[in-house]
Amino acid sequence: MAHANDNYPPRVLIVNPKGGCGKTTLATNLATIYAHRGLVATLFDHDPQGSSREWLARRSSRLPPVNVVEAHQQPREGMTRSFQLRLPIDTERIIEDTPAGLEPTRIGDLMRRSSVVLVPVLPSSIDMRAAAVFLTALVKIHEQRQLRAPIAVIANRVRKNTLMFKKLMKFLDDAHVPLVATFHDMQVYVHATDMGQGVLELGGRAAREAGQWSILVRWIEQQIAAQGEDTDTHRTGEEVQVRDQPAPLSNTSPP
Ligand SMILES: Nc1ncnc2c1ncn2[C@@H]1O[C@H](COP(=O)(O)OP(=O)(O)O)[C@@H](O)[C@H]1O
Ligand SMILES: [Mg+2]
């Protein structure tokens, strides 16, 4: 379907040069939530390690489909880059999973076409120190290039009421970057990844995470709506409305 708006479909960019902070986990989980909400979600895997592609390969065909485009591969001979990156038809949300160590200029380029930028951060001293440096650089690029995409932090693998979590909150206050969602340190995230699923598809203990995922998706959708990008009227009526309490996703049993 043709769109008058060049910024369509909206893009959610997930960045943090630090490995292991949860970029791929955030990307795959978001994609499954959009898929369950009836949206065509496509993951752009910029990581040569291909974690998102491997995750998809483990995903059951009985679950709502998610697309993965390998954005990291060099184009094969005779294949143009635009062909390689071609979007599955009717893609409604793009989620960009990026590798560790991505250069700031490249991040700036990706940010230019993004609707929102999510930075997952682990509440450890090392990660928070690295995140402070990274967020400062990100905010600078944002200002210099006059980008529109709001930046938000996602606290990942959190054990609430720990001193580290309190330090993370203080750090974010000082950095003037909002903390939009907080996900717990739970083994279900590892299980879900192993099974090509999102945590909410596992049910059971994972259900306690539903509220935070709902808050995150609602925040993203609010940013997209504010930017006037959701111009696709044939799918984005009632279906896309973000519910406060998402419908249970479990159509499989926990392992
Ligand atoms: N909230 C969480 N609780 C427990 N394990 C997690 C959580 N988020 C991520 N993980 C695990 O941490 C590891 C690194 O996460 P990953 O998403 O691959 O990070 P990145 O893509 O930033 O390198 C993976 O094994 C993943 O399953
Ligand atoms: Mg990754």
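Residues numbered from 1 in each chain as written. Chains lettered and ligands numbered in written order. Predicted model: local features only at pLDDT ≥ 70, side-chain atom pairs only at ≥ 80, totals over all residues. Heavy atoms only, no water.

### Quick word on the packing of helix α1 (residues 23-36) against helix α8 (residues 210-226)
For any two helices packed against each other, the geometry comes down to the angle between their axes and how far apart the axes lie.
Moving on, step 1. α8 packs onto α1 with a crossing angle of 80° between their chain directions and a minimal axis gap of 11 Å. Taken as axis vectors, α1 and α8 run roughly perpendicular relative to one another. On the side of α1, the interface is formed by Leu 26, Asn 29, Leu 30, Ile 33 and Tyr 34, while α8 contributes Trp 213, Leu 216, Val 217, Ile 220 and Glu 221.
Moving on, step 2. Split by residue class, the contact of α1 with α8 holds eight nonpolar, one polar and one charged. (Axes fitted to C-alpha atoms, helices over the stretch in contact; angles between N-to-C directions. Helix = DSSP H or I, 4+ residues; strand = E, 2+ residues; numbered from the N terminus. Parallel < 35°, antiparallel > 145°, perpendicular 65-115°, else oblique. Contact = heavy atoms within 4.5 Å. Nonpolar A, V, L, I, M, F, W, Y, C, P; charged D, E, K, R; others polar.)

### Describing the packing of helix α4 (residues 104-112) against helix α5 (residues 125-144)
Moving on, step 1. At their nearest, the axes of α4 and α5 sit 10 Å apart, and the two run at 55° to each other. Relative to α5, the element α4 is oriented oblique. Once α4 is placed against α5, the crossing between them reads as right-handed. The segment α4 lies against α5, with Pro 104, Ile 107, Gly 108 and Met 111 engaging Phe 134, Leu 138, Ile 141 and His 142.
Moving on, step 2. Of the residues contributing to the contact of α4 with α5, the split by class is six nonpolar, two polar and no charged. (Left-handed = near helix turned anticlockwise from the far one by under 90°.)

### Focus on the site of ligand 1
Moving on, step 1. As a matter of local geometry, ligand 1 sits amid 14 residues, with Gly 20, Lys 23, Thr 25, Asn 156 and His 184 nearest to it.
Moving on, step 2. One of the backbone N or O atoms of Gly 20 is found 2.7 Å from an oxygen atom in ligand 1.
Moving on, step 3. Met 186 has a polar backbone atom sitting 3.0 Å from a nitrogen atom of ligand 1.
Moving on, step 4. Coverage of ligand 1 by the protein chains reaches 79% of its 560 Å² of free accessible surface.
Moving on, step 5. Of all the secondary structure elements, the ones that give two or more residues to the shell around ligand 1 are α1, β6 (151-158) and α7 (187-194).
Moving on, step 6. Tallying contributions element by element places α1 first for the shell around ligand 1, with three residues.
Moving on, step 7. Broken down by class, the residue content of the shell around ligand 1 amounts to four nonpolar, seven polar and three charged. (Near = heavy atom within 4 Å. Polar contact = N/O pair within 3.5 Å; in protein donor to acceptor, adjacent residues only side chain to side chain. Areas by Shrake-Rupley, 256 points an atom, 1.4 Å probe, with all protein chains shown as cover.)

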